[in-house]
Amino acid sequence: MRLLAILWIAAAAACSNAQQRDSDGYVPWQSIDEPLAELERVRALIKAPEFPDREFPVTDYGAVGDGQTLNTEAFKAAVEACHEAGGGRVVVPLGTFITGAIYLKSNVNLHLADSATVRFSRDTTQYPLVFTRWEGMELINYSAFIYAYGEENIAITGNGTLDGNADNDHWWWWNGAERFGGRKHIGYQKAARDSLHVLNDLQTDPETRVFGDGYYLRPNFIQPYKCKNIRIADVKVINSPMWNINPVLCENVIVERVKVISHGPNNDGCNPESSKNVLISHCYFDTGDDCIAIKSGRDGDGRRIGVPAENIIIEHCYMKDGHGGVVLGSEVSGGVRNVFALNNTMDSPQLDRVLRLKTSSSRGGTLENVFMKDTKVGTYKEAAVRFNMFYEKPGDFMPTIRNVWVEDLEVERGGKYGILVNAYAESPVQDFRMVNATMHGVKTPIKANNVRNMVLENVTIEEKSLAKPEEFK
């Protein structure tokens, strides 16, 4: 009876069941054939870059893999030689190569041989100031460890390891949290982060937002910016200062068979940001924050640039640990659309949510057309599906969440909620459908305040079955 009572409360809070057609032409999916067809259309748009059959070993340019020699200039020379020759592979052979920032140029594939390690220096002078994004805001700050701007046909491949070399004594303590070695008495990121938020709110020229030494804003690990035709494959990525893989304003991106193991603060696994036509496939995520978080810019910067994250496929990934499995947000002011997550597995007592859409009225933006299918979950902590429009401070830009379809979800040991919705009455979550789902051991099956057109079909939560489709009207 408890399940039925909660369903009744959610039903009473929902709006009418009339088919939604907004002024922008939005119509929700009516059958599973529609998202499946759209998925294949998106898949056909994503192509791996190709490279000439030429190799440029970094050792030919003076690199020494002894774990002590600084090889920043050798990596730079090898990349430039490869680029000027028309492209190929910059090869890192067996050994441990210490380096600062690596800038990838067009037609260059940085290839790590089996058991090769590229370990990044802890010296901040090895990371020049570049135009970048930090938590969805534009600024001049430290280069990502591997960075590119406006390049085409770039790759990072091979079975080697990219080691960010971060720990509680290096990079992570800048976050300020004591569990990461925070040393607030000698400076950390809060003041600079607050200042960047103000500059974003004022919409100052991003070129004048210069940070770097003394500001404690950690660099991301891999960040191609305004690039096309990108492939990151097979490498292991460990110990990042902050976000691990963060393509920004990129198009045609493949991340496949990558293993991300990094448990520092804000150590998201893969964050495609304002990027289009992205495939994340057969990856392993063991992270200190969200496994995959899709973003499109924070507040004023996101709205000014106005580029959504769109056409993103996430498939056959294993999320061993992380706060969220598949997440949209919170920096989504440019919007997110057409996200497809299929055949993924998650299992962690630290996993708060399987699918999470988080935003606020200071963000705005539209999150739409999200399709999750064939998801297996061992355990999670808070909610299998979580919608939250109150993630951070309120503002004057009402967000929209609509057309979310979850099908074939299996949960062995659920958490506090099955479905959790916290939305504005004036902007309810629209058109959420869950089909063929089984969740065991959930404390509260559904808690929802403002939903329009929520359909549950063949859904079992806490061993109690909805024998027939129940539709909130």
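Residues numbered from 1 in each chain as written. Predicted model: local features only at pLDDT ≥ 70, side-chain atom pairs only at ≥ 80, totals over all residues. Heavy atoms only, no water.

The next point concerns the overall build of the chain. When helices and strands are tallied, the chain shows five helices and 35 strands. What you see for the chain is a C-alpha radius of gyration of 22 Å, in line with the 23 Å of a compact globule of 473 residues. If one aligns the C-alpha atoms of the chain with their principal axes, the spans along those axes are about 70 × 45 × 40 Å. Burial status across the chain gives 61% buried among its 473 residues. Taking contacts inside the chain between residues at least 6 apart in sequence as the whole, the part at least 24 apart equals 75%. Accessible surface for the chain amounts to roughly 17400 Å². Of this, 48% is attributable to carbon and sulfur atoms. (Helix = DSSP H or I, 4+ residues; strand = E, 2+ residues; numbered from the N terminus. Rg over C-alpha atoms; globule rule 2.2 N^0.38 Å. Buried < 20%, exposed > 50% of the residue type's maximum accessible area, 1.4 Å probe, protein only. Contact = heavy atoms within 4.5 Å. Areas by Shrake-Rupley, 256 points an atom, 1.4 Å probe, with all protein chains shown as cover.)

Let us look at the sheet that holds strand β13 (residues 222-225). One open sheet accounts for three strands, arranged β5-β10-β13; its pairing is parallel. Looking at the sheet topology across the chains shown, the edges are occupied by β5 (102-103) and β13. Where β5 and strand β10 (residues 146-149) come together, two bridges link them in parallel fashion. Across the sheet, the residue bridging to Ile-102 is Ile-146, located in β10. (Pairing = 2+ DSSP bridges.)

This part covers the pattern of salt bridges. One pass over the structure, following the stated rule, counts 37 salt bridges. Put simply, Arg-257 and Asp-234 hold a salt bridge, and the shortest N to O gap is 2.6 Å. Remark: Asp-234 occurs in the loop between β14 (228-233) and β15 (236-238) and Arg-257 occurs in the loop between β16 (251-256) and β17 (259-262); sequence separation between them is 23 residues. Residue classification places Arg-257 among the partly exposed residues on the basis of a relative accessible area of 39%. Notably, a salt bridge pairs Lys-295 with Glu-331, separated by 2.5 Å at the nearest N-O pair. Note that Lys-295 is positioned in the loop between β20 (292-294) and α5 (299-305) and Glu-331 in the loop between β23 (324-328) and β24 (336-342), a separation of 36 residues in sequence. (Salt bridge = Lys/Arg side-chain N within 4 Å of Asp/Glu carboxyl O.)

We now examine helix α2 (residues 33-43). Pro-35, Glu-38, Leu-39 and Val-42 are the residues of α2 that are buried. For α2, the arc enclosing every buried residue in end-on projection is 105°, short of the 170-degree limit, so these residues lie on one face. On the buried face of α2, the contacting elements are β21 (309-315), β24 and β27 (366-379). (Arc of directions from axis to C-beta.)

Turning to the domain arrangement of the chain, a few remarks are in order. The domains assigned to the chain are domain 1 (50-171 + 218-267) and domain 2 (294-465). Here the C-alpha centre of domain 2 lies 31 Å away from the C-alpha centre of domain 1. Taking both partners together, domain 1 and domain 2 bury about 720 Å²; carbon and sulfur atoms supply 57% of that area. For Glu-138, the salt bridge identified is with Arg-304, shortest N-O distance 2.9 Å. Inspection of the domain 1/domain 2 interface yields four residue pairs in polar contact (both at pLDDT 80 or more). Of the residues contributing to the side of domain 1 that touches domain 2, the split by class is three nonpolar, two polar and three charged. (Domains from an automatic or database assignment. Buried area = accessible area lost by both parts, 1.4 Å probe. Polar contact = N/O pair within 3.5 Å; in protein donor to acceptor, adjacent residues only side chain to side chain. Nonpolar A, V, L, I, M, F, W, Y, C, P; charged D, E, K, R; others polar.)

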